[in-house]
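Residue-level structure breakdown
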Amino acid sequence: MRTGLFIGTRGAAMKAKKNRPYGRGTARTHAIICLLMVCCLLAAMISGYFIVQQTREYKEGNTAYQSVRDLARHFGQPVLPQPDSREDTPFVSEIDFESLLSVNGDTVAWLQAENTLIDYPVVQGQDNSHYLGHLFTGERNKLGTLFLDHRNKLFQDPVSVIYGHNMRDKSMLTSIARYVDQEYYDQHPVMTLYLPGETYSVEIIAGITVSGSSDILRFHFDDEADFLDYVQTLRKQSDFVSPVEPGPSDRVLALVTCTYSFQNARYILFGKLEKIS
């Protein structure tokens, strides 16, 4: 009788344990799973919030720049001098700099590259940081503004440098990083730089990827030979081959943007300034 009672009692205990919904270990595991699910949900919500914010910021920035383009070209095609007109006929730019200056007094140029998204005003601030996070119209925005290095003398130095962001939506200077391919260079060998009193073609000569801490950018040179040696160094390191070879008195424009080849990488595109009007 005692043996049967023992067996019966043990069986009842095992059955009761089996019918328990959770043991201590199972309850702890369940709690951890719930916590992980909550964390994942919060992460997804935060990620979604930042994506929405970023998309909205890009849209606001691009809308602002489209308005600036409309302002810069509101008068349509410029009135060009006729063949029999006097040589001192006033220069008429395709860009309405007077209107641009009324919006932003730091305006110094306009950069355009056909068949790309590069079609923006260029400013020059008191430093090289303000316009990294401010639109041409003054609002804070990740797109920033293309800006001339504050150390440059309005494109009069041997090398002038314009900075711009590499954005996920391909705006600003993103497309210059595509010059790593010869084919892209072949399709886009020239850009246009508009100044208030003259217009230049930017004949691309070289494109290189460097560290953000590189000292590859130079503004001044000892003499003409030093400048020509510098240009030849750029051409030798270039991702593509260009037939354009600057002379000792030529000026060079450098366009700089971030790239993601490695940490803190920069892509720099160099072009010779050739006056066309």
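Rules behind the numbers
- Residues numbered from 1 in each chain as written.
- Predicted model: local features only at pLDDT ≥ 70, side-chain atom pairs only at ≥ 80, totals over all residues.
- Heavy atoms only, no water.
- Helix = DSSP H or I, 4+ residues; strand = E, 2+ residues; numbered from the N terminus.
- Buried < 20%, exposed > 50% of the residue type's maximum accessible area, 1.4 Å probe, protein only.
- Contact = heavy atoms within 4.5 Å.
- Areas by Shrake-Rupley, 256 points an atom, 1.4 Å probe, with all protein chains shown as cover.
- Salt bridge = Lys/Arg side-chain N within 4 Å of Asp/Glu carboxyl O.
- Pairing = 2+ DSSP bridges.

What about the overall build of the protein chain?
Counting secondary structure elements, the protein chain contains five helices and eight strands. When the elements of the protein chain are put in sequence order from the N terminus, they spell out α-α-α-β-β-β-β-α-β-β-α-β-β. Going through the 277 residues of the protein chain one by one, you find that 40% of them count as buried. Taking the contacts inside the protein chain whose residues are at least 6 apart along the sequence as the reference set, 62% of them involve residues at least 24 apart. Of the roughly 16,600 Å² of accessible surface on the protein chain, a fraction of 56% belongs to carbon and sulfur atoms.

A word on the pattern of salt bridges
Going through the model one piece at a time under the given rule, you end up with eight salt bridges. Ionic pairing is found between K275 and E198, a salt bridge with its closest N-O pair at 3.3 Å. Taken together, the positions of K275 in strand β8 (residues 265–275) and E198 in the loop between β5 (190–194) and β6 (199–211) put the pair 77 residues apart, joining distant regions of the chain. Since its relative accessible area comes to 51%, K275 is described here as exposed. Residue E198 is classed as buried on the basis of its relative accessible area, which comes to 18%.

Describing the pairing of strand β2 (residues 119–123)
With five of five residues buried, β2 lies mostly within the body of the structure. Between strand β1 (residues 107–112) and β2, which pair antiparallel in sequence order, lie six residues; one of them, N115, sits at a positive phi of approximately 60 degrees. The pairing of β2 with strand β3 (residues 146–148) spans two bridges and is parallel. Looking at the pairing, V123 lines up with F147 of β3.

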